[in-house]
Amino acid sequence: MSGEHWKQRPEGGSPFALRVLRAIARHGGRGLARLCLYPIAAYFVLVRGPERRASRAYLARALNRAPGLWDVARHIHTFAATILDRLFMLGGQMHYFDVRVSGLEELRAQHARGGALIFGSHLGSFEALRVLARSAPEVQVRVVFDKSHNPAMTQLLDSLDPRIAAGVIDAGQDGPAIVLAVKQALDEGALVALLVDRARPGEPWLRTPFLGAPAPFPLAPWLVAATLRAPVLLAFGVYRGGARYDLVFEPFSDGSAIARQDRARVLATMVERYAARLQHHACDAPYNWFNFYDFWHADDAVQDSTAQDSGAHEGSAPDDPAAPLGLGAGAGLRRRLAERRSA
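Conventions adopted
Residues numbered from 1 in each chain as written. Predicted model: local features only at pLDDT ≥ 70, side-chain atom pairs only at ≥ 80, totals over all residues. Heavy atoms only, no water. Pairing = 2+ DSSP bridges. Helix = DSSP H or I, 4+ residues; strand = E, 2+ residues; numbered from the N terminus. Contact = heavy atoms within 4.5 Å. Axes fitted to C-alpha atoms, helices over the stretch in contact; angles between N-to-C directions. Buried < 20%, exposed > 50% of the residue type's maximum accessible area, 1.4 Å probe, protein only. Phe/Tyr/Trp six-rings, centres within 6.5 Å; stacked < 30°, edge-to-face > 60°. Lys NZ or Arg CZ within 6 Å of the ring centre and 35° of its normal.

Can you tell me about the sheet that holds strand β1 (residues 98–102), naming the residues and giving the values?
The strand order across the open sheet formed by 7 strands is β1-β9-β8-β2-β5-β3-β4, and the pairing between neighbours is mixed. If you trace the sheet from one side to the other, it starts and ends with β1 and β4 (169–170), each paired once. For strand β2 (residues 116–120) and strand β8 (residues 232–241), the ladder comprises 3 bridges, and the chain directions are parallel. What sits directly across from I118, in β8, is L233. Sheet strands touched by helix α11 (residues 263–284): β2, β8 and β9 (244–253). Its angle to β9, the strand with the most contacts, is close to 165°.

The following block contains the structure:
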């Protein structure tokens, strides 16, 4: 997969196959639907070579040993299980699951003070946040999500919960629109959730230690948090097998202002701290990592070229809040933010 960005990797699963799986889940229940996971996992293990190789490379780091084919199959089966469980979670069928939540009091305390950013990852299931509708119904959650990356899955999930779909902030729109939508949601007291472990094309990034080697992590989410002075909590929805999930919230930063001259250093420290927490949970639940591409090396050529094109470079933190979103339209964004503050 060398030289190929994760955005160019085709997603597995045709619209027809997803509709069939949904029909089985709807009429046969979770138990019957889970039987379908075995042929699905077998297909990916036998046919999807890039994902199989990426799984081996990651598991060798997380398990600290040479993984076998059974490890790869277990890894892919775990991923398929969380995808299936999305259908039930977004369909409001949380009774199927035993979700154990930690850090909920900290999250409620932050929500009482105002909006905040919730930073998640492709570790486990981000849809486990659905449990908040039951355990903390007063908390409003808005999700930043790129609807164009997997349109078949997006259409299916939107049909399951139109209310959540209507509240999605589309990460596929231009950068200023994303930042302004995030700011509006924060001003309304919402928790804005997004995944922060993949750098999009054109974003600045920073290599920081992760599972034994430097890996590129995006700077954009951290710069947006600094620009909006938003508190940050981390969220990990770890699948433990069967029907059990552990939903963990961890306070991370309080949204204090960062002086411009200190921004590069502070943001680099934040990224390093985040990578350390992600590593902790990845080692604790190694089969929950769902970045099926070469996370450490494959994007070097793409990231190097886009970083140079955008005028950013590794270790830098642009002053322009639109720059991390690959825009070069920061003057307009700064003006619009100023107008909102003075309104």
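Just give me the short version of the side chain of T82, but keep the residues and values in it.
Checked against the element boundaries, T82 lands in helix α4 (residues 69–90). Residue classification places T82 among the buried positions, given a relative accessible area of 3%. Every residue in contact with T82, bar those within four places of it in the chain, is listed here: S125, Y239, Y245 and F290.

Outline the pairing of strand β5 (residues 191–195), listing residues and values.
Across the 5 residues that make up β5, a large majority, 4, are buried. Where β2 and β5 come together, 5 bridges link them in parallel fashion. Of the residues in β5, the one forming a bridge with G120 is L195.

Outline helix α10 (residues 220–228), supporting the account with residue identities and numerical values.
Extensive coverage of α10 is indicated by the burial of 9 of its 9 residues. Residues A220, P221, W222, L223, V224, A225, A226, T227 and L228 constitute the buried set of α10. Looking at the residues trailing α10, positive phi occurs at R229, about 50°.

Before we move on, could you go through the pairing of strand β7 (residues 213–218) and cite the residues and values that matter?
Of all 6 residues in β7, 5 are buried; the element is thus mostly enclosed. Pairing analysis gives 6 bridges linking strand β6 (residues 205–210) to β7, with the strands arranged antiparallel. Of the residues in β7, the one forming a bridge with T208 is A215. Taking the residues between adjacent antiparallel strands as the criterion, β6 and β7 are bridged by 2 residues, where L211 takes a positive phi near 55°.

Could you give an account of the packing of aromatic side chains, with specific residues and numbers?
Under the counting rule described, the total for this entry stands at 21 aromatic pairs. Relative to F44, the ring of Y43 lies with its centre 5.3 Å away and its plane at 90°, an arrangement referred to as edge-to-face. Classification of Y43 by relative accessible area gives partly exposed; the value is 41%. The exposure class assigned to F44 is buried, which follows from its relative accessible area of 16%. Three or more aromatic residues joined by ring pairs form one cluster here, namely Y58, F119, F210, F217, W222, F252, Y274, W289, Y293, F295 and W296. Sitting over the ring of W296, R61 keeps its end group 4.3 Å from the ring centre. Over the face of the ring belonging to F252 we find R273, whose NZ or CZ atom lies 3.9 Å from the ring centre.

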